[in-house]
Amino acid sequence: MAQRTGYSTAQITLHWLTAIGVLVAFFTHDAMEEIAEQTWEAGGAAFPTVHTIAGMTVFFLVLVRVILRLRTGAPEPEGDGIQQAAAVWGHRLLYLMLLAVPLGGFLTWIVGIQDLGDLHGLAGKALMIVALGHAAMAIYHQFVKKDGTLMRMLRPGK
Ligand code: HEM
Ligand code: HEM
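Residues numbered from 1 in each chain as written. Chains lettered and ligands numbered in written order. Predicted model: local features only at pLDDT ≥ 70, side-chain atom pairs only at ≥ 80, totals over all residues. Heavy atoms only, no water.

For the protein, the name recorded in an unreviewed UniProt entry is Cytochrome b562, with Flavimaricola marinus as its organism. Looking at the Subcellular location (unreviewed entry) heading of the UniProt record, one finds this comment for the protein: "Cell membrane". In its Sequence similarities (unreviewed entry) section, the UniProt record describing the protein reads: "Belongs to the cytochrome b561 family." (UniProt positions renumbered as here; feature names shortened; annotations may be inferred.)

See below:
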């Protein structure tokens, strides 16, 4: 995989759009649960909601992101040894959850496997916790270790 010293404009834009999508999907989950319950009780079929549109958008943005990352590479995380490995595996976990959570929602709502709903909800909440931990680490690196990590997701590099 190619090695860069910074993220491209496309990677940075996709990062922040993904983050917004996850937040919208997360903050509409209560409404989605109610809609799903009422729809299923009435024997109705799946239809688009703010939650499902935001969630599916995340899925496709992340697909593009992964393809872009494989083709153009990404900078190595700051730090050394365990710290760097933690960042690499943390990012891999995030990518996995960013694809698996919407996919679970799709199987629950569009394919109609309603029993997957609880698992999807749990995974969605876990994604939010991992993303919050990730944001906290980025802030810690930027303001405590002062290694410029946060700026990498704000200012494009080569
Ligand atoms: C990043 C994307 C997503 C996140 C973070 C997310 C998160 C959540 C959460 C936290 C719940 C509440 C579960 C609970 O409190 O028990 C939920 C419910 C639900 N979500 Fe998502 N979701 C996402 C994407 C999607 C997508 C793409 C779809 C469908 C295409 C979807 C369909 C549903 C449905 C049908 C429910 C109700 C399940 C039930 O009540 O059994 N979600 N989601
Ligand atoms: C739902 C919210 C978020 C998700 C899903 C998310 C996801 C990700 C992922 C998957 C990466 C790895 C990029 C790569 O190397 O390909 C990343 C990098 C990064 N994120 Fe986030 N992020 C979120 C929110 C945030 C927030 C709120 C901040 C800042 C406070 C932030 C700061 C960063 C930084 C600085 C990097 C680059 C880290 C490095 O190069 O070592 N992210 N993010």
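So, next bit.
**Some thoughts on the coordination of the iron atom of ligand 2**
Octahedral metal centres with six donors ideally show angles of 90 or 180 degrees, and tetrahedral centres with four donors ideally show 109.5 degrees. The protein atoms donating to the iron atom of ligand 2 are H15 (NE2) and H134 (NE2), with metal-donor distances spanning 2.0 Å. Considering all six donor atoms around the iron atom of ligand 2, the spread of angles at the metal, 87 to 179°, places the coordination shape in the octahedral class. One end of the pair, H15, is in helix α1 (residues 9-27); the other, H134, is in helix α5 (residues 117-143), and 119 residues separate them in sequence. Taking relative accessible area as the criterion, H134 reaches 29% and is therefore assigned partly exposed. (Donors = N, O, S within 2.8 Å, 3.2 Å for Na, K, Ca; no water. Tetrahedral: all angles 85-135°; square planar, octahedral: opposite > 155°, others 65-115°. Helix = DSSP H or I, 4+ residues; strand = E, 2+ residues; numbered from the N terminus. Buried < 20%, exposed > 50% of the residue type's maximum accessible area, 1.4 Å probe, protein only.)

**Focus on the coordination of the iron atom of ligand 1**
Only H51 (NE2) and H120 (NE2) from the protein coordinate the iron atom of ligand 1, and they sit 2.0 Å from it. If you look at the iron atom of ligand 1, its six donor atoms make angles of 87 to 179° with each other, and the shape they trace is octahedral. In this pair, H51 is assigned in helix α3 (residues 50-72) and H120 in helix α5, connecting sequence segments 69 residues apart. The two residues H51 and H120 agree in class, both being buried.

**Comments concerning the site of ligand 1**
Near ligand 1 you find 20 residues, and of these E33, H51, G105, H120 and K125 are the closest. H51 has a polar side-chain atom sitting 2.8 Å from a nitrogen atom of ligand 1. Note that a nitrogen atom of ligand 1 is positioned 2.8 Å from one of the side-chain N or O atoms of H120. If you map ligand 1 onto the pockets, it falls in the second largest pocket. Elements represented by at least two residues in the shell around ligand 1 include exactly α2 (29-41), α3, α4 (81-109) and α5. A breakdown of the residues in the shell around ligand 1 according to their chemical character gives nine nonpolar, nine polar and two charged. (Near = heavy atom within 4 Å. Polar contact = N/O pair within 3.5 Å; in protein donor to acceptor, adjacent residues only side chain to side chain. 1 Å grid on protein atoms, 1.4 Å probe; cavity = no way out; pocket = protein on both sides within 12 Å on 5 of 7 lines; lining within 4 Å. Sits in = over half its atoms within 2 Å of the grid points. Nonpolar A, V, L, I, M, F, W, Y, C, P; charged D, E, K, R; others polar.)

**With respect to a negative patch on the surface**
Together, D30, E33, E34, E37, E41, D115 and D118 give the surface a local cluster of negative charge. Tracing the chain through its elements places E33 in helix α2. For E33, a relative accessible area of 51% corresponds to the exposed category. (Patch = residues over 30% accessible without salt bridge, like charges linked within 9 Å, V, L, I, M, F, W, Y side chains within 5 Å. Areas by Shrake-Rupley, 256 points an atom, 1.4 Å probe, with all protein chains shown as cover. Salt bridge = Lys/Arg side-chain N within 4 Å of Asp/Glu carboxyl O. Lys, Arg positive; Asp, Glu negative; His and termini not counted. Charge placed at Lys NZ, Arg CZ, Asp CG, Glu CD.)

**Remarks on the environment of P75**
With respect to the helices and strands, P75 occurs in strand β2 (residues 74-75). Between the alpha carbons of P75 and F143 there is a distance of 20 Å; along the sequence they are 68 residues apart.

**A few points about the UniProt feature "domain: Cytochrome b561 bacterial/Ni-hydrogenase" (unreviewed entry) in the protein**
Using the residue numbers shown here, the UniProt feature "domain: Cytochrome b561 bacterial/Ni-hydrogenase" (unreviewed entry) corresponds to residues 7-155. Annotation note: span residues 7-155, helix share 77%, strand share 1%, distance between end C-alpha atoms 8 Å.

**With respect to unusual backbone geometry**
Although it is not a glycine, K146 adopts a positive phi angle of roughly 50°. By the element assignment, K146 lies in the loop between α5 and α6 (149-152). Classification of K146 as exposed rests on a relative accessible area of 63%.

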